[in-house]
4 protein chains.
Amino acid sequence: MNKTVAFIGLGNMGGGMAANLVKAGFKVNAFDLMETNLKAAADAGCTPVDCAKTAVQGVDFVVSMLPNGAIVESVYIDGDALLDVIPKAALILDCSTVAPANSRRVGAEAEKRGLSFVDAPVSGGVAAAAAGTLAFMVGGTEANFERAKPVLDAMGANVFRAGDVGAGQVAKICNNMLLAIHMTGTAEALQLGMDNGLDPKVLSDIMLKSSGCNWSLEKYNPVPGVMDGVPASNDYQPGFMVDLMLKDLSLAMEASVGSKSSIPMGTAARNLFNLHKNSGGEDKGLKDFSSIQQLYSKP
Amino acid sequence: MNKTVAFIGLGNMGGGMAANLVKAGFKVNAFDLMETNLKAAADAGCTPVDCAKTAVQGVDFVVSMLPNGAIVESVYIDGDALLDVIPKAALILDCSTVAPANSRRVGAEAEKRGLSFVDAPVSGGVAAAAAGTLAFMVGGTEANFERAKPVLDAMGANVFRAGDVGAGQVAKICNNMLLAIHMTGTAEALQLGMDNGLDPKVLSDIMLKSSGCNWSLEKYNPVPGVMDGVPASNDYQPGFMVDLMLKDLSLAMEASVGSKSSIPMGTAARNLFNLHKNSGGEDKGLKDFSSIQQLYSKP
Amino acid sequence: MNKTVAFIGLGNMGGGMAANLVKAGFKVNAFDLMETNLKAAADAGCTPVDCAKTAVQGVDFVVSMLPNGAIVESVYIDGDALLDVIPKAALILDCSTVAPANSRRVGAEAEKRGLSFVDAPVSGGVAAAAAGTLAFMVGGTEANFERAKPVLDAMGANVFRAGDVGAGQVAKICNNMLLAIHMTGTAEALQLGMDNGLDPKVLSDIMLKSSGCNWSLEKYNPVPGVMDGVPASNDYQPGFMVDLMLKDLSLAMEASVGSKSSIPMGTAARNLFNLHKNSGGEDKGLKDFSSIQQLYSKP
Amino acid sequence: MNKTVAFIGLGNMGGGMAANLVKAGFKVNAFDLMETNLKAAADAGCTPVDCAKTAVQGVDFVVSMLPNGAIVESVYIDGDALLDVIPKAALILDCSTVAPANSRRVGAEAEKRGLSFVDAPVSGGVAAAAAGTLAFMVGGTEANFERAKPVLDAMGANVFRAGDVGAGQVAKICNNMLLAIHMTGTAEALQLGMDNGLDPKVLSDIMLKSSGCNWSLEKYNPVPGVMDGVPASNDYQPGFMVDLMLKDLSLAMEASVGSKSSIPMGTAARNLFNLHKNSGGEDKGLKDFSSIQQLYSKP
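Residues numbered from 1 in each chain as written. Chains lettered and ligands numbered in written order. Predicted model: local features only at pLDDT ≥ 70, side-chain atom pairs only at ≥ 80, totals over all residues.

## Examining the overall build of chain A
Put simply, the rule is: Working definition: helices are DSSP H or I runs of at least four residues, strands are E runs of at least two. Numbering for both runs from the N terminus. Values of the radius of gyration come from C-alpha atoms, whereas the globule rule sets the reference at 2.2 Å times the count of residues to the power 0.38. Residues with at least 20 neighbouring C-beta atoms inside 10 Å of their own are called buried, those with 12 or fewer are called exposed, and the rest are partly exposed, where every C-beta is derived from the backbone. A pair of residues counts as a contact when their C-beta atoms, built from backbone coordinates, are separated by no more than 7 Å.
Regarding its fold elements, chain A presents 13 helices and nine strands. Expected size for 299 residues packed as a compact globule is a radius of gyration near 19 Å; at 20 Å, chain A falls within 12% of this value. Projected onto the principal axes, the alpha-carbon positions of chain A cover approximately 65 × 45 × 40 Å. Within chain A, the proportion of its 299 residues that are buried is 62%. Within chain A, contacts between residues separated by at least 24 positions form 63% of all contacts whose residues are at least 6 apart in sequence.

Structural data, given as structure tokens:
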């Protein structure tokens, strides 16, 4: 018999993810505050439900995809208080990107009530959510990770266990901070080369085969025209928005405060993205994050 | 008939490179100021010569591997003035890592005398020099690049043309600055993860398959014990010394001054390596550059 | 008739502040969780009270000096809930250094209950608290600022109104971030001078009369032996500890996240202090913050 | 009898300086490559001379004010070679801002020829040059400093001896790097305050009386409208141009390379000024350096 999933949060990301659960054979109760999102979910084969508490009744899994930690805590604990109504046998998977402390609080409150919880933030954007090729970084017990895997496999291409509850968030924060650092560094190195007479395509080809190689250079070259099919060659249409990278770098800053860790490169990158966001008279926060190249270029 | 090469500068790198030219069938006149280096070159099949001007007589190629730009300019122009005695038909390949301005001056002076010149700095350390697996980033005309290729192929595994004279240096500077940035960023991300409870091996495995992936993480993990056969797992024995990375980052700073380029990430990395070099009571400059991990770790 | 103050939090700072209120003629009900602090307050002329709720009964003012925002919120709202028992006519002055958001929450909850609140974080350390020479940066209405002034004047030499509730915290965060930046910059400039052959005393004298002049150079030279009576000339005994500066810089980072402000210099300074704290085998966090000079010095 | 000075370099700065020497009673032979500068010098009472070698004949002092180190070396050594014709009894004062290495080379070549040399770079801009209120940071022997003092006193208000030849340049580099750091930091702190609701005038007043105080805040507030008579309140008309600050920060970077000093705050400031120069579609390099405030502001 088909398993049932309650899906909470049907935005750009969540909508695609819920649709992929349907395709994989899950029965999906879909909840969102916006009517249009509910309608789209219904079109994708979900059962639209206009109340979160109703949506979770009798389900095997609860999957949530929400904008920030305050909302996650509200939905599960302080507001809707879903933890009080979710069936004890269900597994909760929060796919939102939030602070590890948010995940740990929800996890601890779930445990108090005899519920099982994993945090499972995603890597990959709207296109990957639609295509079912997201990566999930999971925090939770080995046993809960195994239970979560079939659900996550239906929505993604790579599923990793990072450690116990909260570890998924930490892994995502670390990964995306490192991404911000090498994207910024790649833009900087390419600009230094161009300013000294090099062709960015030639320099990119050389560095791809040398020790400068990194994901930004390989999959996502930030200089317009060097690589086809990337945001840089499409007026920096996202892709992964500057504002979302700033959100992840803010989480990195907060994590570093908590653990008293030094993150000079991460904060340098965060401030460059923030300067970029505020530059040039329009909100660059809505552009793809590889548009950081524009901060480096000359008039 | 075998081609003849004059090889100037038989240090840790140059010695291995000259030996590989012999293995490839070149006749090599070897010159160095140190007797022991000349002796080692003779053992490797070179013809030791105790005078640079004598070494270049009648050769087809001149290859130089020298410590810095001042010495390169002295050998070719201001001191030994080899440009005045090198045969007009010969091609000069300077493999030293120097400022683009140094290469351009030697190139221009060579051209005045009807000589052909390329800069061809290397990527890869002493082991790659011995094994003949260096990468060369070449600046020079297309024609000179084609002439240089057989010589460079005898010493390396990858040979790239970056552009005209000086462009080889620019490409190396950009590549190594980017390497410094993602090595530092990788150490920082791994430490942030460890400080928040993650296993560095698990976090590395996740980031290797995610958008944080980069050469430092893939080939050269800076946390002891995560990867076999890298400096981090051998007390940070080099490998590529902090002092050499600092030399390359100094060249990047000087290049950025000349081209009025912004390099906030590159200078942040330079200063972290410099703080690391001066920390902890011994000269960390002699350790492998992945030892930057130690700057981040807690007592 | 003498006014009555309830003083909550009699630590290194609070103890001295409460004693100065007594000297100025206030009747002080003193509360702290630690017996020794209560005893010291009694010796200074305060009335020790072993319950916070009892301490605030019938008072004209409540002054609190607590370690962080979570404790402040707990004391006033979520735990002891003093807001529910403080007399409506009293004015509350929270002198703790916390996030503006903490102050604003307490201020809003106070207002709901018809109570008056100002945040009034201090600048100056334990010695200034004892001497009554603290500076206060106050957030609150004009009227409440005027009511607070006599109390603050009894404990400090300078009292500023920064704006409405929370503004005192913002002003302190900005001031201390700027202090961190010019202290770090002063250490860096002096080291660069010394590394290039200058006497730090001579260089300091020149910069004091030039455009490099700043409070760190004028009152608090970080190089040992340049200035008498400062921590640098006393093995960096605090003074103002690295750990406290890190606390303030963490608040600056959090504020910048909230307001989406760029603080590249502030985060660079924060990470240098954090690297310094973790360097060299002992906890440098307990040293005076001018010991950042040691991070720059060579072995 | 009046002393004679040869003045080499009559630009915006040099013109005013030469005029002040005339006012103080010196006889001044003035040389410049531009006819208009010579004419202006004649109007100010100098004797215009159309050849540098002629200008120095029989003089007691040679004062030079030139754009960069290459030109200084050319004028004294490699090009005009004035060192070969300056009278042995004369004292040479180079007031140009150049690398310490430039000053040391000219000083050493002067000494070889039995000549006396000091480097004496200035602090203060065109207005101070005209008003005779410059500050001079002098490198040279005690004896030469005493000889130079009457000449420098005629052009400035403060004359400091920093050490031996080259030390004047080092002192200026350190001072201006520190100025760049606290100006950037001041802009950043004021913006953080404004973004969190504070009035920049109120915040400035508070920090002026607190530990954040520094020269930028006191003399040169970067927020328009806070202070009268500063560039910020005059559309950032210089004052001291971004391009000139970038020149000094470039010298700081080069000095740090030579002395292997860590300058994370100095390079962060340099890159912020460089990003600012290249931002916004026009050349911000010509604006006053306090316009760095614009880099921080939001759209």
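## Re the interface of chain D and chain C
Going by this rule: In this count, Pro and Cys sit with the nonpolar residues alongside Ala, Val, Leu, Ile, Met, Phe, Trp and Tyr, while Asp, Glu, Lys and Arg are called charged and the others, Gly among them, polar.
In this assembly, 56 residues from chain D lie in contact with 56 residues from chain C. Of all the secondary structure elements, the ones that give two or more residues to the side of chain D that touches chain C are strand E8 (134-139), strand E9 (156-163), helix H8 (167-195), helix H9 (200-208), helix H11 (242-259) and helix H12 (264-277) of chain D. Of the residues belonging to the side of chain D that touches chain C, the class tally is 31 nonpolar, 21 polar and four charged.

## As for helix H5 (residues 100-112) of chain C
Residue and element names in this part refer to chain C. In plain terms, the rule: Helices are assigned an expected span. That span is 1.5 Å times one less than the residue count.
Here H5 spans 18 Å end to end across 13 residues, near enough to the 18 Å set by a 1.5 Å rise per residue. Against the buried residues of H5 lie helix H4 (69-78), strand E5 (91-94), strand E6 (116-119), strand E8 (134-139), helix H8 (167-195) and helix H11 (242-259). Positioned one or two residues after H5, glycine 114 has a phi angle of 80°, which is positive.

## Looking at the interface of chain B and chain C
If you look at the interface, chain B gives nine residues, while chain C gives nine residues. For the side of chain B that touches chain C, the class distribution of residues is three nonpolar, four polar and two charged.

## Here we look at the domain arrangement of chain A
Residues and elements named next belong to chain A. Just so we agree on the cut-off: Where each domain starts and ends follows an automatic or database-derived domain assignment.
Domain boundaries in chain A define domain 1 (4-164) and domain 2 (170-296). One C-alpha centre belongs to domain 1, the other to domain 2; they are set 29 Å apart. On the side of domain 2, 10 residues touch domain 1, which itself brings eight residues to the contact. Considered class by class, the residues forming the side of domain 1 that touches domain 2 number five nonpolar, three polar and no charged.

## So, unusual backbone geometry
Backbone geometry follows two general trends: most residues other than glycine have a negative phi, and most peptide bonds adopt the trans configuration. Residues and elements named next belong to chain A. Residue glycine 239 follows proline 238 across a cis peptide bond; omega there is 0°. Position of glycine 239 relative to the elements: it lies in the loop between helix H10 (215-219) and helix H11 (242-259). Its identity is not glycine, yet tyrosine 236 carries a phi of approximately 55°, on the positive side. Residue placement: tyrosine 236 occurs in the loop between H10 and H11.

## Section: the relation of the copies chain B and chain C
Under the convention used in this document: Residues reaching a pLDDT of at least 70 in both copies supply the C-alpha atoms on which the copies are superposed by least squares.
Rotating chain B by 180° and translating it 0.0 Å along the rotation axis places it on chain C, where the RMSD comes to 0.1 Å. Expressed as an axis order, the relation between the two copies is that of a two-fold axis. Within chain B, Gly280(B) has its C-alpha nearest the rotation axis, a separation of 2.8 Å. Interface overlap between copies is the fraction of interface residues in one copy that are interface residues in the other; for chain B against chain C it reaches 100%, indicating a shared surface.

## Re the relation of the copies chain D and chain C
Overlay of chain D on chain C (RMSD 0.1 Å): rotation 180°, translation along the axis 0.0 Å. Of the residues that chain D buries at the interface, 100% are likewise interface residues in chain C, meaning the two copies contact each other through the same surface.

## Description of helix H4 (residues 69-78) of chain D
All names here are of chain D. Rules: Arc definition: it is the arc formed by the directions from the helix axis to the C-beta atoms.
Within the span of H4, buried status applies to Gly69, Val72, Val75 and Tyr76. An end-on view of H4 places all buried positions within 135° of arc, on one side of the element. On the buried face of H4, the contacting elements are strand E1 (4-8), helix H3 (52-55), strand E4 (61-64), strand E5 (91-94) and helix H5 (100-112).

## Some points on the packing of helix H8 (residues 167-195) of chain A against helix H9 (residues 200-208) of chain B
Basically, it comes down to this: In this analysis, axes come from line fits to C-alpha atoms, helices being fitted only over the stretch in contact, and the angle between any two N-to-C directions falls in the range 0 to 180 degrees. An angle counts as roughly parallel when it lies under 35 degrees, as roughly antiparallel when it exceeds 145, as roughly perpendicular when it falls between 65 and 115, and as oblique in every other case. Crossing handedness is read from the near helix: turned anticlockwise from the far helix by less than a right angle, it gives a left-handed crossing, and turned clockwise, a right-handed one.
Remark: H8(A) packs on H9(B), axes separated minimally by 10 Å, with the N-to-C direction vectors making an angle of 55°. Taken together, the axes of H8(A) and H9(B) lie oblique to each other. Of the two possible hands of crossing, H8(A) and H9(B) adopt the one that is right-handed. Across from Ala171(A), Cys174(A), Asn175(A) and Leu178(A) in H8(A), the residues of H9(B) making contact are Leu203(B), Ile206(B) and Met207(B).

## Overview of the pairing of strand E6 (residues 116-119) of chain D
Residue and element names in this part refer to chain D. To be explicit about the condition: Here the rule is simple: two strands pair whenever DSSP picks up at least two bridges between them.
Taking every second residue as pointing to the same face, both faces of E6 are buried, with Ser116 and Val118 on one and Phe117 and Asp119 on the other. Relative to E6, E5 runs parallel, the two sharing four bridges. Counterpart to aspartate 94 in the pairing with E6 is aspartate 119.

## Looking at the packing of helix H8 (residues 167-195) of chain B against helix H12 (residues 264-277) of chain B
Residues and elements named next belong to chain B. Where H8 meets H12, the axes come as close as 9 Å, and the angle between the chain directions of the two elements is 65°. Here H12 runs roughly perpendicular to H8, going by the angle between their axes. When the axes of H8 and H12 are compared, the crossing they make is left-handed. Counted together, Met177, Ala180, Ile181 and Thr184 of H8 and Met265, Gly266, Ala269, Leu272 and Phe273 of H12 form the full contact between these two elements.

## Concerning the nonpolar core
Basically, it comes down to this: Note on definitions: a nonpolar core is a set of buried residues drawn from Ala, Val, Leu, Ile, Met, Phe, Trp, Tyr and Cys, linked by C-beta atoms within 7 Å.
In this structure, Phe7(A), Phe7(B), Phe7(C) and Phe7(D) are the most contacted members of the largest nonpolar core, which totals 440 residues. If we ignore the near neighbours within four places in the chain, the residues touching Phe7(B) are Gly14(B), Ala18(B), Leu21(B), Val28(B), Asn29(B), Ala30(B), Phe31(B), Cys46(B) and Val63(B).

## Some points on the pairing of strand E2 (residues 27-31) of chain A
Residues and elements named next belong to chain A. This is how it is decided: For the handedness criterion, the strands are oriented away from the viewer, and a crossover whose path from the first strand over the helix to the second runs clockwise is classed as right-handed.
The buried count for E2 comes to four of five residues, which makes it a mostly enclosed element. Across five bridges, the pairing between strand E1 (residues 4-8) and E2 is parallel. Counterpart to alanine 6 in the pairing with E2 is asparagine 29. One crossover worth recording links E1 to the parallel E2 by way of helix H1 (residues 12-23), and it is right-handed. Of the strand pairs in this sheet, E2 and strand E3 (residues 47-48) are connected by two bridges, and their pairing is parallel. The residue of E3 that forms the bridge with alanine 30 is proline 48.

## Details of the confidence of the model for chain A
For the record, the criterion: The pLDDT value tells you how sure the predictor is about a given residue, anywhere from 0 up to 100.
Looking at chain A, the pLDDT average stands at 96 and 99% of residues meet or exceed 70. Interface confidence for the predicted complex, expressed as ipTM, amounts to 0.96; the pTM equals 0.96.

## Some details on the environment of Thr133(C)
Residue and element names in this part refer to chain C. Structurally, the position occupied by threonine 133 is in the loop between helix H6 (126-131) and E8. Judged by C-beta crowding, with 14 C-beta atoms within 10 Å, threonine 133 ranks as partly exposed. In this structure, the C-alpha to C-alpha distance between threonine 133 and glycine 156, residues 23 residues apart in sequence, is 4.2 Å.

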